[in-house]
Every structure is written in C-alpha cells, then in structure tokens.
Amino acid sequence: MSRCRLSQLVFLVALGSSSPSFAQTANSESHHVQAAIMLDGTADPFLGTAMCRVNEECDVISSAEPRIKLSITLNQQQDGELGTMVIQCSEDCSFVSGRSQLSLQNQRSFEIFDGAERGEIKLVLKPRRKIGDVFLIVR
C-alpha cells in the first residue's frame, strides 16, 4: 500500500471515529469543520478544513479541476437541524434527495449521485448512479 493511500485511509478512519460534538459547542459563534469528498474513479480524496461562523455560508472544499465545491451554513441548533450543506460539481451532482442541498442532522457521511433534479418532482423515479461520498466532522 502506498504511503499516500495509507495516509488517506488513516484520515478517513479518524474522520469516521470522531463523534460530532455539535451540542458541546451550541453557544459558540464558530465551529471547526473538516470534510473529505471521495469520488469514484479518483485516486485522491478532496480534503478541506475551515472555521465556519454560525449563520454564514462557509466554503469547506473548493477545487478547480475537477470543479467541486462543498459549502456549509451552520444554524443555532433549532429543531434538531444543524444547518445546510451544498455541493457543486463540474457535471451536475446531488445527494440522495436529488438536490444539491440538504439539511444537516447528526449524519457524518453522505452519498453523492450523478445528476440533479430541477423543478417539480417527477412522476417516475429514474435510477441514479452513485459517484462518491462526503465525510464530515463539525466541532
């Protein structure tokens, strides 16, 4: 196993074993956010860290080639919703809902799919191809 792949594996294991500590920092004005995007067919993950202020959009990952961007807006923890996450890709991509935006709850991993639904809900569900995953830690 190459040193690069080993370091990626160690990062992802650490990412998966860390528990989100949203409740511990509910009164804090900013949170440390770490994210990794693993796209199928790419050797290296896209990694990012940021200090994100509550109620402000925060870019955690931004890559020029291929174009991929992950941004988060954190809330003050009302009604169990921790905030929203938005993904943008060179080609349309989305989360399981078919949209590029989702509400953050207590999840730490999210699947990314090819394509995005626009406008009204379709009467026929089309199978969608999974193209990767997002892993997230907010402290």
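Here the residue index of a chain counts from 1 through its sequence in written order. Under the rules for a predicted model, residues below a pLDDT of 70 receive no local features and side-chain atom pairs below 80 are neither given nor counted, while totals for whole chains, interfaces and linings still include all residues. The basis for every side-chain value is the complete set of non-hydrogen atoms in the structure, without hydrogens or water.

### Details of the confidence of the model for the protein chain
Per-residue confidence from the predictor is given as pLDDT, running between 0 and 100. Scored by pLDDT, the protein chain has a mean of 79; 71% of the residues are at 70 or more. Contacts for the low-pLDDT stretch residues 1-7, under 50 throughout, to residues beyond four places or in other chains number five contacts. Contacts are assigned to residue pairs with any non-hydrogen atoms lying within 4.5 Å of each other. Confidence drops under pLDDT 50 across residues 15-27; counting only partners more than four residues distant or on other chains, this segment forms 27 contacts.

### Observations concerning the state of the cysteines
Note on terminology: disulfide describes a covalent bond linking the sulfur atoms of two cysteines. The disulfide definition used here is simple: a pair of cysteine sulfur atoms within 2.5 Å. A complete count under the given rule lists two disulfides for this structure. Covalent S-S linkage joins Cys-52 and Cys-58, the inter-sulfur distance amounting to 2.1 Å. What sets the handedness of the Cys-52 and Cys-58 disulfide is the S-S torsion sign, and at about -65° it is left-handed. Whether a residue is buried, partly exposed or exposed follows from its accessible area with a 1.4 Å probe, protein chains only, as a fraction of its type maximum: under 20%, in between, or over 50%, in that order. With relative accessibility at 8%, the residue Cys-58 sits in the buried group. The disulfide bridge from Cys-89 ends at Cys-93, spanning 1.9 Å between sulfur atoms.

### Overview of unusual backbone geometry
With an omega dihedral of -5°, the bond running from Glu-65 to Pro-66 counts as a cis peptide bond. A run of DSSP states H or I qualifies as a helix once it reaches four residues; a run of E qualifies as a strand once it reaches two. Both are numbered from the N-terminal end. In this fold, Pro-66 is placed in the loop between β3 (57-63) and β4 (68-78). Positioned with a positive phi, Asn-55 is a non-glycine residue whose angle comes to about 65°. Position of Asn-55 relative to the elements: it lies in the loop between β2 (46-53) and β3.

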